[in-house]
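# Structural overview for review
So you can see what is in the structure, the chains are spelled out below.
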Amino acid sequence: MKVERNLVVGTLAIILVIALLIIVYGGEERRMYYETKAQQGKSVARGARMYDSYCAGCHGKRGEGLAGVYSPLNVSDLWSGRENIAFYGTLHDYIALNISAGHPKLNMPSWADEYGGPLRNDQVEDLTQFVLNWMGPQPEGVRVAGAQFIPPLPSDIEPGTPAARGHDIFFTSCAACHGRDAGGSDLGPTLVSPEVAAQDDDFFRETITNGRPGTSMPVWGSVLSSEDIEDVVAFLRTRQ
Amino acid sequence: MKKPVGTRFREWANVWLTSVFAGLSPKALRKMFRGEPPGRPNPRLKVHTNSFWFHMRPRWYPKSVTRFSYTFALGWSSVFLAVVLGITGIVLMLFYTPSTDVAYFDMLNIMGNIPFGKLMRDLHRLGAELMVAIVMLHMLRVFVTGSYKQPRSFNWTVGVVLLLITWLFSYSGYLLPWDQLAYWAVTIGTSMADAVPRIGPQIMQLLLGGPEVGQLGLLRFYMIHVILLPVALAVMFGVHYYKVVRQGISLPPAVEAEGKKDERVPFLPTLLIRDVLWVALFTLIMVVAVITFFSAPLEDHANPFMTPLHSTAPWYFLWIQGLIKLPDIFGGLVEGKFIYGIALPGLVIGLLFALPYLDRNPSRRWQDRKLMLAGGAVAVVLWGVLTWMGSPAYKVQAAPTEELALEFVPYDREGEIHELDWDDLANGVYDVSAGATQVNESDAPADLLNFLQALQEAVGHEAEELPNGVTTLTITTWQRNLKRVDLDIVWESDGVEHTFNQHTYIHKDTIH
Amino acid sequence: MSTESTSVQDRVTRREFLHYVWLSSIGAFVAGSGGATVAFSFPRFESGEFGGKFVVGKVEDFADGSVTQVREGKFFLVRQGDEFKALYQVCTHLGCLVRQQESDFSCPCHGSKFAEDGTLVASPAPRDLDQLAVEIVDGEVVVDTGKRTKGQSRSV
């Protein structure tokens with residue numbers, strides 16, 4: 001048994017291990033920094049996937065939202081002025097809270113499993129990181145504008161009339177749910193069927209101004225002026 | 001008359017050091033270091049009587065048994081690994097809580113926020129994988145040298161128990177990171193327990209503490225891993241090693257047959273020095289492995305609602321997974337799951353237990369055991385084939401579109417796309433249909449072109465299954481530091497157009 | 001004489017020397033592994049949680065003479081002239097949290113009182129309020145709750 005050889009090789013191996021451990025230690029701060037950044041990046045990427053499945057339907061494929069109905073998320077000044085509504089937490093907390101617990105009256109469902117939704121807390125966190133990643137400067141083409149495409153006036157409406165103004169408002173605020181022909185969609189009923197047309201103007205004014213509890217019909221009275229609403233009613237009458 | 005202080009101190013130091021070194025005076029120690037033979041009576045032998053740690057090692061070994069190429073130090077290695085696993089395990093316990101809410105994030109914390117965290121975790125994982133392999137190799141060696149025969153048959157049985165303990169250790173630890181790999185491997189395994197007739201569901205409930213893998217199961221697996229199995233191991237290993245020292249390591253069959261008196265190699269200092277050498281070398285190998293190529297995997301957070309493609313058991317259980325893929329030929333009389341998942345593996349383990357008692361041949365020489373050794377060789381080959389069958393390569397291929405997407409653009413694991421640098425991900429729409437020439441003419445970055453060409457080639461292999469196929473890869477900037485990669489395949493079969501899309505998002509910081 | 005005595009040559013032989021080097025390297029390895037384990041085991045603090053650093057705000061946000069409580073950090077940020085002090089909220093007597101009164105801090109447990117700059121005014125506490133390290137970084141006030149200096153002992 002070569003004792004001296006074993007002593008020498010053993011000592012060398014031990015010294016090598018010590019040296020390697022010191023080298024590893026030297027690089028640990030840097031490694032941990034990049035590892036943490038990578039974990040945060042992965043969180044954003046996972047959030048993006050979840051956004052596709054759970055959020056894009058309302059908030060749009062690129063976070064552009066649905067004009068006047070579902071807030072756009074791809075804007076850089078999301079939710080400033082939180083203190084004005086007595087929320088004193090961070091922006092992160094505000095977004096996470098909205099996703100977790102939903103937002104009653106604005107048709108934002110509660111997504112966290114503790115509030116009856118399908119998502120675990122870490123999934124909510126991934127989504128929050130993804131939404132937060134829309135803050136700050138973005139490359140070209142990221143901030144897609146919401147679909148507010150307003151088609152030309154139909155031939156039976158004179159420009160400058162209340163119905164013409166109502167036409168523009170309709171395509172900005174109503175078409176998303178009630179369909180571009182006002183004939184209804186999954187999100188909102190028809191506004192031009194005989195039964196609906198038979199209702200009087202007050203019915204329309206009241207529904208638009210105060211919304212309809214129990215449905216997704218928002219309270220437009222806080223967004224549109226009474227003149228705007230008159231114009232919309234005028235426009236609808238031309239379609240019925 | 002009192003002696004001078006210096007002398008009294010020296011005498012006291014002598015006495016104290018002698019007791020610290022378990023009976024070796026400083027002079028005797030020096031003699032040992034100088035390689036001189038011991039005096040009489042030999043104080044080095046007393047060390048084995050006086051010291052707890054040294055009493056567990058023999059005073060000497062027969063020379064023929066110390067040859068590395070005889071035992072390959074496999075039994076020794078498994079003890080070394082057990083120590084490494086114990087130390088790294090305890091250290092990891094400082095930062096791990098067995099809670100389904102928190103466990104995964106503890107893993108992220110260990111990797112990203114604790115100095116040496118990744119090293120400790122990787123060492124633990126490497127140690128575990130090596131442990132299973134080495135324990136099985138040790139069993140194979142003992143089989144080949146016929147050392148399981150009398151008078152060591154009982155010890156072989158204890159060894160099989162240790163094998164089961166090792167497997168359970170590895171399997172219970174597997175669940176703890178609470179990622180997709182862990183969750184689904186354990187779901188598969190425990191649902192096999194379900195197949196045991198009559199008491200299966202109860203066994204499963206006992207293991208899981210509930211109807212499915214969840215918080216209670218995690219806690220139980222954790223307890224099994226850190227207290228139950230360590231205690232069982234200590235007891236069983238104590239028995240096993242005690243028998244080894246008392247009965248001695250079996251001599252090589254040729255030497256034993258000759259009956260020659262073998263030269264004795266003393267433990268102190270010769271074999272102790274060799275032990276330390278092996279510790280140093282093995283540690284060095286493990287540390288180098290962990291620094292260079294070995295990394296413990298961590299997939300996405302466990303998701304009970306989605307089983308990833310190609311979910312597999314850990315490699316040492318792939319043979320069982322291979323068995324399960326065999327056709328169910330029992331005509332509904334018995335569940336295939338039961339025969340292949342419980343009965344056959346149970347039979348194999350039963351045979352292992354009974355081996356020394358079934359083997360009536362008292363000779364250990366290979367010339368007298370050709371049939372047994374051939375049987376062993378067949379068993380090893382069979383194990384290898386079943387292991388391959390248990391891997392995703394056999395029979396669990398998903399649709400060709402999914403397989404393509406899994407290899408090139410996976411969203412829940414690393415794939416070919418993740419090999420590219422951030423700057424290689426040039427935005428654009430790339431046609432990689434079979435026969436398309438866009439890739440060759442493009443001025444995209446070189447690595448991206450290589451990727452696209454590989455993808456195009458893979459698509460070409462599937463051309464039969466995807467007639468008139470058009471395949472495009474699209475790279476878009478989705479957000480700051482976030483790109484989206486889409487793989488779209490459109491093909492026609494039976495006059496119907498089919499579309500397939502898989503996309504993944506890549507964040508700049510996740511690229512190394 | 002016992003047969004253990006080494007022969008005339010007390011010189012260290014090569015083999016003996018190798019043993020000493022070998023033993024030293026083992027000692028160094030044990031020390032190193034111990035160090036690695038300690039480095040591993042030492043808790044690390046996230047910024048924003050107690051034990052880490054708190055970015056409290058811009059220097060201009062705090063008026064001269066102001067006292068701002070930071071609850072998660074367990075301190076009061078006090079500005080006197082151009083100097084910032086972060087007074088650790090834990091009473092130096094037995095560990096209760098002091099409360100801000102109109103002109104001083106008082107402890108609800110045994111009645112100790114401290115002036116607005118942390119000086120001990122009424123016993124049974126034995127020393128002034130401890131202080132946490134304050135730094136001005138890029139015009140922002142950063143308090144490191146991991147670095148604490150004990151207050152001066154006093155008897156009142």
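Residues numbered from 1 in each chain as written. Chains lettered and ligands numbered in written order. Predicted model: local features only at pLDDT ≥ 70, side-chain atom pairs only at ≥ 80, totals over all residues.

## Considering the overall build of chain A
Formally: By the criteria applied, helices consist of DSSP H or I runs no shorter than four residues and strands consist of E runs no shorter than two, each listed in order from the N terminus. Here the globule rule reads 2.2 Å times residues to the power 0.38, and the radius of gyration is calculated from C-alpha atoms.
Counting its regular elements, chain A contains seven helices and zero strands. Secondary structure of chain A in N-to-C order comes out as α-α-α-α-α-α-α. Rg of the C-alpha trace for chain A: 28 Å, well past the compact-globule value of 18 Å for 240 residues, more than 25% over. Dimensions of chain A, computed from C-alpha atoms along their principal axes, come out at roughly 105 × 35 × 35 Å.

## Quick look at the nonpolar core
Across soluble globular proteins, you tend to see nonpolar side chains buried next to one another. All names here are of chain B. Rules: Joining buried Ala, Val, Leu, Ile, Met, Phe, Trp, Tyr and Cys residues through C-beta atoms within 7 Å gives a set, and that set is a nonpolar core. Counting other C-beta atoms within 10 Å of each residue's C-beta, where C-beta atoms are placed from the backbone, gives the exposure class: buried for 20 or more, exposed for 12 or fewer, partly exposed between. Each residue is represented by a C-beta atom placed from its backbone, and any two residues with such atoms within 7 Å are regarded as in contact.
M131, W178 and A182 are the most contacted members of the largest nonpolar core, which has 67 residues in total. The greatest single-element share of this core, amounting to 10 residues, is contributed by helix 8 (residues 117-144). With residues up to four places along the chain from it excluded, the contact list for M131 reads S78, L81, L85 and T166. Judged by nonpolar contacts, the second largest core, of 40 residues, contains L404, V432, L466 and Y505.

## Some words on the interface of chain A and chain C
Basically, it comes down to this: Three categories are distinguished: nonpolar for Ala, Val, Leu, Ile, Met, Phe, Trp, Tyr, Cys and Pro, charged for Asp, Glu, Lys and Arg, and polar for the others, with Gly belonging to the last.
The interface is formed by 11 residues belonging to chain A together with 12 residues belonging to chain C. Grouping the constituent residues of the side of chain A that touches chain C by class yields eight nonpolar, two polar and one charged.

## Focus: the domain arrangement of chain C
Applicable threshold: Just so you know, the domain bounds were taken from an automatic or database domain assignment.
Along its sequence, chain C is organised into domain 1 (1-42) and domain 2 (53-149). Taking only C-alpha atoms, the centre of domain 1 of chain C and the centre of domain 2 of chain C are 52 Å apart.

## A closer look at the packing of helix 4 (residues 162-178) of chain A against helix 7 (residues 226-239) of chain A
Residue and element names in this part refer to chain A. Rules: Here an angle of 0 to 180 degrees is reported between the N-to-C directions of two axes, which are lines fitted to C-alpha atoms, with helices fitted over the stretch in contact. The cut-offs work like this: below 35 degrees is roughly parallel, past 145 is roughly antiparallel, 65 to 115 is roughly perpendicular, and the gaps in between are oblique.
As a packed pair, helix 4 and helix 7 sit with axes 7 Å apart at the nearest point and diverge in direction by 95°. Here helix 4 lies roughly perpendicular to helix 7, going by the angle between them. Contacts between helix 4 and helix 7 involve P162, A163, R165, G166, H167, I169 and F170 on the former and, on the latter, D228, E230, D231, V232, A234, F235 and T238.

## Section: the sheet that holds strand 6 (residues 496-507) of chain B
Residue and element names in this part refer to chain B. Just so we agree on the cut-off: Two strands are said to pair when DSSP picks up at least two bridges between them.
Sheet architecture is open: four strands sit in the order 3-4-5-6, paired in antiparallel fashion. Each edge of the open sheet carries a strand with a single partner, namely strand 3 (428-431) and strand 6. Put simply, the sheet's adjacent strands are angled 15° from each other on average, direction ignored.

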